[in-house]
Amino acid sequence: MRPLRTPALLAALLAAAASSRAADGLALRPPMGWNSWNKFGCNVSETLVRGAADALVASGMKAAGYEYVVIDDCWQVGRAEDGAIVVDKERFPSGIRALADYVHSKGLKFGLYSDAGTKTCAGRPGSKDHEAQDARTYAAWGVDYLKYDWCSSEGQDQKDSYMKMSRALRASGHPIVFSLCEWGSSKPWTWAQGTGELWRATGDIVDCWDCSRSWGGMGVAHIIDQMQDLYPYAGPGHWNDPDMLEVGNGGLTPAENRAHFSFWALFAAPLMAGNDLEKMTPEVKAILTNAEVIAVDQDPLGMAGRKVWDDGAREVWMRPLADGSRAVILFNRGSEPAPVAATWADLGLFPGGKAAVRDLWHHADVGVASGRYEAKVEPHGVVMVKIEPQF
Ligand code: GLA
């Protein structure tokens, strides 16, 4: 074959870049918002969603960066003769377009859920063989975000199915963040960059610390373990998704809630609150709106963190930040308080250097340390600090 001449090669590369999703500039930071599933399951309605949008604003969460209001499963009940998706009229009497308009009127963005197979996980109609039609419907409604599940997909190929909807969304002409949800089954971190902006990396989160369920659901501590090797795959426009937040849903202690939120920030994970925003306690709100932890999650470098030290119950995790500092989690998995130390060598800093340490949960500068920083960590808890080398 005759090799492409340079200008032709350049043109081909430019065309490829222009047609890729990355060129859309979607989700250059991990998406933040609220999703109905973890707390409300199928009990969704326009009243609930309007209330969530109102609460997102009133609570200060919108100001903290939460943007997307996403209805998960169960808003859809069937298909019309022409194949159009039919909305549950009892729960959404004003229709989805009106609800999206309401969410937009609050300065927020609106998301929906569907499934790559014939049925959603709750048995509602999936989008298989209706991809283009559904994508056009979403665009006409003003949908800004689509979570796309993997139930009832027997015999389908993940790459083909997700690419089909990705192309349909792109062809709809409306910028729609595409959230892949096949639970890590085909290692989407190895192929989904360019297909969507985020992919679920694990099974469903359960509102517990370290329980696990026969159907694949698991608690926060197990998800943290599953995320350990995925840090190289995250970056602007393509994020690992360890599932939506359980902060505030009642199954975690305050220390576990803080650990959960800290790790999601270290992973550069999407921060999709999954609690009842209208009824959250001041303590839960303070966790979800911790600006210093959110700044780690949203750091423009977009590098996810990794484990750098482990002696069994005690671990140190580190995320490099755009300003040259490190976000660090001192983690205690044990059931007694324990001292945990990060050394500059483990953090990739000059071992004999000095660094300023700031505690991101106490919102306090704790001083300048040399070579290492040690703190006492509560059970199932973290101390999260930002460590900034001094030159
Ligand atoms: C799957 C997903 C969940 C949720 C439900 C809805 O289990 O992984 O996040 O969307 O389906 O039925």
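Below is a short write-up of the structure. Computed from a predicted model, the values in this text were never measured in an experiment.

### Here's the deal with the site of the ligand
Looking at the ligand, there are 13 residues lining it, with Asp 72, Asp 73, Lys 147, Asp 149 and Asp 204 nearest. The separation between an oxygen atom of the ligand and a polar side-chain atom of Asp 73 is 2.8 Å. Residue Trp 183 places a side-chain N or O atom 3.0 Å away from an oxygen atom belonging to the ligand. Across the complex, the protein chains shield 93% of the 310 Å² of accessible surface that the ligand would expose by itself. Tallied by class, residues from the shell around the ligand come to seven nonpolar, no polar and six charged.

### Details of the side chain of Thr 120
Checked against the element boundaries, Thr 120 lands in the loop between strand E5 (109–115) and helix H6 (131–141). Apart from the residues within four sequence positions on either side, Thr 120 is in contact with Asp 73, Gln 76, Tyr 113, Asp 115, Pro 125, Gly 126 and Cys 151.

### Things to note about the sheet that holds strand E11 (residues 306–310)
Spatially, the six strands line up as an open sheet ordered E11-E12-E13-E18-E15-E16, and their pairing is antiparallel. A strand with exactly one partner marks an edge of an open sheet, and here the two such strands are E11 and strand E16 (364–370). Across the sheet, the mean angle separating the axes of adjacent strands is 30° when strand polarity is ignored. As paired strands, strand E15 (residues 354–359) and strand E18 (residues 381–389) are joined by five bridges and run antiparallel to one another. Across the sheet, residue Asp 359 finds its bridge partner in E18, namely Val 385.

### Let's talk about the sheet that holds strand E8 (residues 198–200)
Strand order in the open sheet made by the eight strands is E9-E8-E7-E6-E5-E2-E1-E10, with parallel pairing throughout. The sheet is open, and its two edges are formed by strand E9 (239–241) and strand E10 (271–273), each paired on a single side. Neighbour-to-neighbour, the strand axes of the sheet open up by a mean angle of 25°, direction not taken into account. For E8 and E9, the ladder comprises three bridges, and the chain directions are parallel. The partner of Leu 198 across the bridge, within E9, is Trp 239. Along the sheet, helix H7 (residues 158–171) contacts strand E6 (145–149) and strand E7 (177–180); its crossing angle with E6, the most-contacted strand, is approximately 160°.

### Some thoughts on H6
Residues of H6 that are buried: Glu 131, Asp 134, Ala 135, Thr 137, Tyr 138, Ala 139 and Trp 141. Lining the buried residues of H6 we find strand E3 (76–79), strand E4 (85–87), helix H5 (95–105), E5, E6 and H7. The positive-phi residue at the C-terminal boundary of H6 is Gly 142, with phi of around 90°.

Rules used in this analysis
Per chain, residue numbering runs from 1 following the sequence as it is written. Local features are withheld for residues below a pLDDT of 70 in this predicted model, meaning they are given only at 70 or higher, and side-chain atom pairs are given and counted only at 80 or more; totals for whole chains, interfaces and linings count all residues. The side-chain quantities take in all heavy atoms of the structure and omit both hydrogens and water. Any residue with a non-hydrogen atom lying within 4 Å of a molecule or strand is treated as near it. Here a polar contact is taken to be a pair of N or O atoms separated by no more than 3.5 Å, where protein atoms must pair a possible hydrogen donor with a possible acceptor and residues adjacent in sequence count only if both atoms sit in side chains. Computed by Shrake-Rupley with a 1.4 Å probe, the accessible areas treat only the displayed protein chains as cover when residues are assessed. Gly is placed with the polar residues, together with every amino acid not listed as nonpolar (Ala, Val, Leu, Ile, Met, Phe, Trp, Tyr, Cys and Pro) or charged (Asp, Glu, Lys and Arg). Put simply, DSSP H or I for four residues or longer makes a helix, DSSP E for two residues or longer makes a strand, and each gets a number counted from the N terminus. Residues count as neighbours in contact if any of their non-hydrogen atoms are within 4.5 Å of one another. Note on pairing: two strands pair once DSSP finds at least 2 bridges between them. Lines fitted to C-alpha atoms define the axes here, with helix axes fitted over just the stretch in contact, and angles between the N-to-C directions of these axes take values from 0 to 180 degrees. With a 1.4 Å probe rolled over the protein chains alone, any residue whose accessible area is under 20% of its type maximum counts as buried; one over 50% counts as exposed, and the rest are partly exposed.

Purely spatial values, then, with no claim about function.
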